[in-house]
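Chains, contacts and geometry: an overview
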Amino acid sequence: MPRFRPSPPGTRISIDAAAAPARRASRREFLAASAALVTSAAVMPRPAIGQTAAPHVVVVGGGFGGATVARTLKRLDPGVSVTLVEVNRTFTACPFSNGVIAGLRVITEQQFGYDKVVGEGVVLAAGTANLIDTQARTLIVGDGVRLRYDRLVLSPGIDFRWDALPGYDEMAVERMPHAWKAGEQTLLLQKQLEAMEDGGLVVISAPANPFRCPPGPYERASLIAHYLKTKKPRSKLIILDAKDAFSKQRLFQNAWKELYPGLLEWVSLSNGGKVTSVDPSTNTLVTDFGKHEAKVANVIPPQKAGRIAELAGVTDRTGWCPIDPVTFESKLQPNIHVVGDATIAGAMPKSAFTANAQAKVCAAALAKLLRNEKPAEPKLINTCYSLVAPDYGIHVAGVYHPANGVLTEIEGSGGLSKADAPPDVRKLEASFAEGWFKTITSEVFG
Ligand SMILES: Cc1cc2nc3c(=O)[nH]c(=O)nc-3n(C[C@H](O)[C@H](O)[C@H](O)COP(=O)(O)OP(=O)(O)OC[C@H]3O[C@@H](n4cnc5c(N)ncnc54)[C@H](O)[C@@H]3O)c2cc1C
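Reference entry: report on the structure contained in this document. Please read these numbers as outputs of a predicted model, since none were measured by experiment.

With that out of the way, let us pick up the packing of aromatic side chains. Counted under the stated rule, the structure contains 17 aromatic pairs. When the ring of Phe-91 is compared with that of Phe-445, the centres are 5.1 Å apart and the planes differ by 25 degrees; the resulting orientation is stacked. In this pair, Phe-91 is assigned in strand 4 (residues 91-92) and Phe-445 in the segment after helix 11 (423-444), connecting sequence segments 354 residues apart. Taken individually, Phe-91 and Phe-445 each receive the classification buried, so the pair is uniform in this respect. Between the aromatic rings of Phe-246 and Trp-266, the centroid separation amounts to 5.1 Å while the plane-to-plane angle is 70 degrees, which identifies the pairing as edge-to-face.

And the structure:
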């Protein structure tokens, strides 16, 4: 008896209990469309070895990593039943969201649906993955619907370490937005900047490593500085940093000297940049060296793997997930794979490019593992573009491979924009950045 009947292409299931009226139809849809999936998944006995059955892979997180795994695996082996669990109906992308904050783009340009993913035969389970029973290989979604998996993939992105920065809690984000998960927070920061009078002080607090998108705080600072320079030129921007060095540092700092002299100041860890506490009631950021009362405060807090990874038992003491660099299987729990920001990926930075690359490797490994074949040793590429101004792009790139159990950068493979490149090259790089965003989002969601 088969464990699952593979759901037909186009199947969506909606799981969260607190459904708005508009979502009740989806719940009925879920009950009908997913009866085969959930009922048989939870109740039917496993087939005897040799019996044909569609293996079931559940992927949690429909972002750059998860949606790519689901789609790639389905393409590689249409016989595998793939369910994608995602809490949001629409995905809002972080790359290029700094442009929204600086008034250069609108948020809808960041938003993508799952129609095309579903159209390829992936079952979309709309809801929050809450609990994982690794022994029974089941996953609880929403208010108690159980999905059984042969292999589980987690790509939940990041969560914030609310205990790490005194004063910064879930309430504080309304006053001092992080905007490090794109959406409402992005718009809040953009509105605060728009409402600020000319002459105001903007402060960005950047965390220690590791965190999502290493060049992200500096791209954000650059684009906010561009906004201030063009709209509110008497204002000032300070980056308070918990580090002494950062990604593409020389390129950023050279560009700041050229484009934003006197407007943008970077304060390193050694110079008292580390924020030790905040007071949202006065918009104050405190360091060992003093206090900064900001008109607009953007606090990017310390981070960890998305909470479901912790619940699955795949995080270690660092709060991130150690993985096998060939299969992306957790080093702590068998049959659970982790990709994207949540992983400890050696030299690979936490980027959408990385998450997408890891996801393809993981999907290829899963297709092999499900056939009891040996996955191939991968090579992975990452390129991170940053905009320092709308027509000023820079990049860093690297190629990585497994070496001694970790992902290591292949010697001599890396590349960085030239320090002395002329303006037309910077402009070209800005267009490459735009091209990259269009390509990756259409590959993952289009
Ligand atoms: C300001 C900013 C700029 C950036 N710019 C770039 C850039 O230019 N280039 C680049 O490559 N990267 C960039 N990044 C980084 C990039 O956004 C992340 O590295 C990437 O999104 C990681 O992919 P992921 O799949 O790990 O997580 P995500 O893309 O965040 O996806 C995680 C998904 O999981 C879902 N989820 C989480 N938990 C659950 C659960 N329990 N149940 C159901 N669903 C769940 C979430 O809703 C989300 O949709 C930027 C990031 C920021 C903040």
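Resuming the write-up.
Let's shift gears to the pattern of salt bridges. In the structure shown here, the tally under the stated rule is 14 salt bridges. Across the salt bridge formed by Lys-236 and Glu-265, the nearest N and O atoms sit 3.0 Å from each other. Note that Lys-236 is positioned in strand 13 (residues 236-241) and Glu-265 in strand 14 (residues 264-267), a separation of 29 residues in sequence. A relative accessible area of 31% means that Lys-236 is categorised as partly exposed. The salt bridge involving Glu-310 is made with Lys-304; its shortest N-O contact spans 3.2 Å. Here the salt bridges share partners, and the residues they tie into one network are Asp-77, Lys-368, Arg-371 and Glu-373.

Mapped onto the secondary structure, Thr-441 falls in helix 11. A polar atom in the side chain of Thr-441 sits 2.7 Å from the backbone oxygen of Phe-437. Here Lys-438 takes part through its backbone oxygen, which lies 3.4 Å from a polar atom of the side chain of Thr-441. When neighbours within four sequence positions are excluded, Thr-441 is seen to be in contact with Phe-64, Phe-112 and Gly-446.

So, on to the pairing of strand 12 (residues 201-206). Within strand 12, 5 of the 6 residues are buried, which leaves the element mostly enclosed by the surrounding structure. When strand 12 meets strand 13, the two strands line up parallel, connected through 6 bridges. What sits directly across from Val-202, in strand 13, is Leu-237. Viewed along the sheet, the connection from strand 12 through helix 7 (residues 216-231) into strand 13 turns out right-handed. Across 4 bridges, strand 12 lies against strand 18 (residues 296-299) in parallel orientation. Across the sheet, residue Ile-204 finds its bridge partner in strand 18, namely Asn-298.

At their nearest, the axes of helix 7 and helix 8 (residues 249-259) sit 11 Å apart, and the two run at 5 degrees to each other. Judged on the interaxial angle alone, helix 8 and helix 7 are roughly parallel. Contact residues: helix 7 offers Tyr-218, Glu-219, Ser-222 and Lys-229, while helix 8 offers Phe-252, Trp-256 and Leu-259.

Glancing now at the site of the ligand. Of all residues adjacent to the ligand, which total 35 residues, the nearest are Gly-65, Glu-86, Ser-155, Arg-212 and Asp-341. Contact distances for the ligand include 2.6 Å between an oxygen atom and a side-chain N or O atom of Arg-212. Note that an oxygen atom of the ligand is positioned 2.9 Å from one of the backbone N or O atoms of Ala-352. Considering the ligand on its own, with 1,000 Å² of exposed area, one finds that the protein chains cover 92% of that surface.

Each value, and the rule that gives it
- Residues numbered from 1 in each chain as written.
- Predicted model: local features only at pLDDT ≥ 70, side-chain atom pairs only at ≥ 80, totals over all residues.
- Heavy atoms only, no water.
- Phe/Tyr/Trp six-rings, centres within 6.5 Å; stacked < 30°, edge-to-face > 60°.
- Helix = DSSP H or I, 4+ residues; strand = E, 2+ residues; numbered from the N terminus.
- Buried < 20%, exposed > 50% of the residue type's maximum accessible area, 1.4 Å probe, protein only.
- Salt bridge = Lys/Arg side-chain N within 4 Å of Asp/Glu carboxyl O.
- Polar contact = N/O pair within 3.5 Å; in protein donor to acceptor, adjacent residues only side chain to side chain.
- Contact = heavy atoms within 4.5 Å.
- Pairing = 2+ DSSP bridges.
- Right-handed = clockwise from strand over helix to strand, strands pointing away.
- Axes fitted to C-alpha atoms, helices over the stretch in contact; angles between N-to-C directions.
- Parallel < 35°, antiparallel > 145°, perpendicular 65-115°, else oblique.
- Near = heavy atom within 4 Å.
- Areas by Shrake-Rupley, 256 points an atom, 1.4 Å probe, with all protein chains shown as cover.

These results come straight from atomic positions and should not be treated as a statement about function.
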